[in-house]
Amino acid sequence: MRLSLRSEHEFPIPQSYQPVQSTVTALRNALERFSSGYVALIGSPGSGKSTLLTQELRYRDDVVARYY
């Protein structure tokens with residue numbers, strides 16, 4: 001039996017979205033540097049955290065739990 005996600009936690013990416021490149025680089029570096037554990041992305045409400053994670057993690061095979 002193959003498990004499936006109840007909710008994939010994917011958000012639509014607005015056309016006007018422009019990621020903060022330093023944050024993208026820091027996230028990518030953290031994901032490459034560590035082979036286990038958690039990475040936290042923190043910021044104020046509406047700052048684009050969920051959108052950034054959706055954009056960066058959508059096609060990665062090496063990330064088991066995307067985010068909550």
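Here is what the cut-offs are and how they apply
- Residues numbered from 1 in each chain as written.
- Predicted model: local features only at pLDDT ≥ 70, side-chain atom pairs only at ≥ 80, totals over all residues.
- Heavy atoms only, no water.
- Helix = DSSP H or I, 4+ residues; strand = E, 2+ residues; numbered from the N terminus.
- Buried < 20%, exposed > 50% of the residue type's maximum accessible area, 1.4 Å probe, protein only.
- Contact = heavy atoms within 4.5 Å.
- Salt bridge = Lys/Arg side-chain N within 4 Å of Asp/Glu carboxyl O.
- Polar contact = N/O pair within 3.5 Å; in protein donor to acceptor, adjacent residues only side chain to side chain.
- Expected span 1.5 Å × (residues − 1).
- Arc of directions from axis to C-beta.

K.L.:
Outline the overall build of the protein chain, listing residues and values.
P.N.:
Broken down by element type, the protein chain carries two helices and zero strands. Within the protein chain, the proportion of its 68 residues that are buried is 19%. Taking contacts inside the protein chain between residues at least 6 apart in sequence as the whole, the part at least 24 apart equals 69%.

K.L.:
Explain the pattern of salt bridges to me, and be specific about the residues and the numbers.
P.N.:
What the rule picks out here adds up to three salt bridges. In this structure, Glu 56 engages Arg 28 in a salt bridge whose closest nitrogen and oxygen atoms are separated by 2.7 Å. With Glu 56 in helix H2 (residues 49–57) and Arg 28 in helix H1 (residues 21–33), this pair connects stretches of sequence that are 28 residues apart. For Glu 56, a relative accessible area of 12% gives the class buried. The exposure class assigned to Arg 28 is partly exposed, which follows from its relative accessible area of 42%. Taking the shortest distance from any N to any O, the salt bridge between Arg 60 and Asp 62 comes out at 2.7 Å. Taken together, the salt bridges that share partners define one network made up of Glu 32, Arg 60 and Asp 62.

K.L.:
Tell me about the environment of Arg 28, and please be specific about residues and values.
P.N.:
A C-alpha to C-alpha distance of 9.6 Å links Arg 28 and Leu 57, two positions 29 residues apart in sequence. Separated by 2.7 Å, the side chains of Arg 28 and Glu 56 make a polar contact.

K.L.:
Got a sec to walk through H1? Specific residues and values, please.
P.N.:
Helix length check: H1, at 13 residues, gives a terminal C-alpha distance of 18 Å against a target of 18 Å (1.5 Å per residue), a fit within 8%. Regarding H1, the residues found buried are Val 24, Leu 27, Ala 30 and Leu 31. Angularly, the buried residues of H1 cover 130° about the axis, an arc narrow enough to put them on a single face. Turned more than 90 degrees away from the buried face of H1, the exposed residues are Ser 22, Glu 32 and Arg 33.

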